[in-house]
Amino acid sequence: MRLRGNKRRKTDDQPEPQGTPGLAVELCGVRRQYGRGKGAVHALGGIDLVLSRGTFTAVMGPSGSGKSTFLQCAAGLDRPSAGSVRLGGTEITGMRENQLTELRRSRLGFVFQAFNLLPSLTVEENVLLPMRLAGQRRDRRRAAQVLAQVGLADKAGRRPGELSGGQQQRVAIARALVARPDVIFADEPTGALDSTTAAEVLSLLRHAVDTLGATVVMVTHDPAAAAWADRVLFLADGVFAGGLDCGSPERIAARMADLTSRTGAMARAAA
Ligand code: ADP
């Protein structure tokens, strides 16, 4: 199945278009197999996906459906066994490891469940870290700008340990935004947060898409989180098993329950 992320209309005042118009993510026939022969696990069974810039896509699926493998392959953290991945128009399939590392630092943003901030660095230094690692100059004005965008203008000099979980995740979002990436990949970004704080973090991602033109791909098991996306894609046994546009948490949860019971029934039948 070929799926295309729908593009939500952006506001007229778009101060910071990120990159050129077009496609942010293109996966073609992506497969990922672990092991060989009889014991091989087909974690991804042929993924075709096209996501436009300025879209917010959630990927859901039962445990073991391939969500992590999908994210790793789509973000250049793992190599597909077959197929191709293009990010921001750049073919990453076959890139050398150092080229991939450079691309991840300069053109992708990452937000993880565990925040992944460096405790010994200040908030500002954490935000500037991807640019520093990419060998770019330390742009303190840009750091101040993205910290203001996530509501942490007054926290630049603090250390992560002095902030709440929600504030730390907002720092991670600022870090993901700082280089105006082609895509932000978020892996269960609200998994460690209470529901109120989670909603604040998700509204920030939503805001980044709607007003800054960012592109977000988020893996989550939480229907309430997925409901912030333009589109929810459901993975089952390593392939996309449908999508839902702008679904409510209840509709998303119902679709997930249906999918989980169907894949459970298939697994029981195969056993
Ligand atoms: P999810 O994130 O949806 O829980 P994963 O992408 O982690 O799913 O896993 C998909 C399938 O691939 C599962 O059957 C899992 O056991 C298998 N798998 C994942 N990583 C490995 C690995 N390193 N070696 C072998 N099998 C793996």
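Below or above, wherever it landed, is the structure these notes cover. Fair warning: this is a prediction, and the values are worked out from it, not measured in the lab.

### Digging into the environment of threonine 196
Reasoning step 1: Note that threonine 196 resides in helix α6 (residues 195-212).
Reasoning step 2: Under the relative-accessibility criterion, threonine 196 is labelled exposed at 53%.
Reasoning step 3: Separated by 30 residues in the primary sequence, threonine 196 and glycine 166 have C-alpha atoms spaced 9.4 Å apart.

### Section: helix α4 (residues 140-149)
Reasoning step 1: All of the buried residues in α4 are Arg142, Ala143, Val146 and Leu147. In an axial view of α4, the angular spread of the buried residues amounts to 135°, which keeps them on one side of the axis.
Reasoning step 2: For α4, the elements touching its buried residues are α3 (123-133) and α5 (165-177).
Reasoning step 3: Phi for glycine 151, located one or two positions after α4, is positive at around 80°.

### Comments concerning the site of the ligand
Reasoning step 1: Taken together, Tyr34, Val41, Ala43, Pro62, Ser63, Gly64, Ser65, Gly66, Lys67, Ser68 and Thr69 make up the full set of residues adjacent to the ligand.
Reasoning step 2: Glycine 66 has a polar backbone atom sitting 3.0 Å from an oxygen atom of the ligand.
Reasoning step 3: With respect to the ligand, the side chain of threonine 69 contributes an N or O atom lying 2.6 Å from an oxygen atom.
Reasoning step 4: Computed on the free molecule, the ligand has an accessible area of 560 Å², of which 58% lies beneath the protein chains in the complex.
Reasoning step 5: Partitioned by chemical class, the residues of the shell around the ligand number 4 nonpolar, 6 polar and 1 charged.

Definitions and cut-offs
- Each residue is numbered by its place in its chain's sequence as written, counting from 1.
- Where totals are concerned, whole chains, interfaces and linings use all residues; where local detail is concerned, this predicted model gives features only for residues with pLDDT of at least 70, and gives and counts side-chain atom pairs only at 80 or more.
- Water and hydrogen atoms were dropped before computing side-chain values, which therefore reflect all heavy atoms in the structure.
- Secondary structure counts use DSSP, requiring at least four H or I residues in a row for a helix and at least two E residues in a row for a strand, with both numbered from the N terminus.
- Only protein chains enter the calculation, and the probe is 1.4 Å; a residue is then buried if its accessible area is under 20% of its type maximum, exposed if over 50%, and partly exposed in between.
- By arc we mean the arc of the directions from the helix axis to the C-beta atoms, nothing more.
- Contact definition: two residues touch when any of their heavy atoms are within 4.5 Å.
- Consider each residue's heavy atoms; a residue with any of them within 4 Å of a molecule or strand counts as near.
- A 3.5 Å cut-off defines polar contacts: any pair of N or O atoms within that distance qualifies, except that in protein one atom must be a possible hydrogen donor and the other a possible acceptor, and neighbouring residues in sequence count only when both atoms are side-chain atoms.
- Throughout, the Shrake-Rupley method with a 1.4 Å probe supplies accessible areas, and for residues the shown protein chains are the sole cover considered.
- The classification used treats Ala, Val, Leu, Ile, Met, Phe, Trp, Tyr, Cys and Pro as nonpolar, Asp, Glu, Lys and Arg as charged, and all other residues, Gly among them, as polar.

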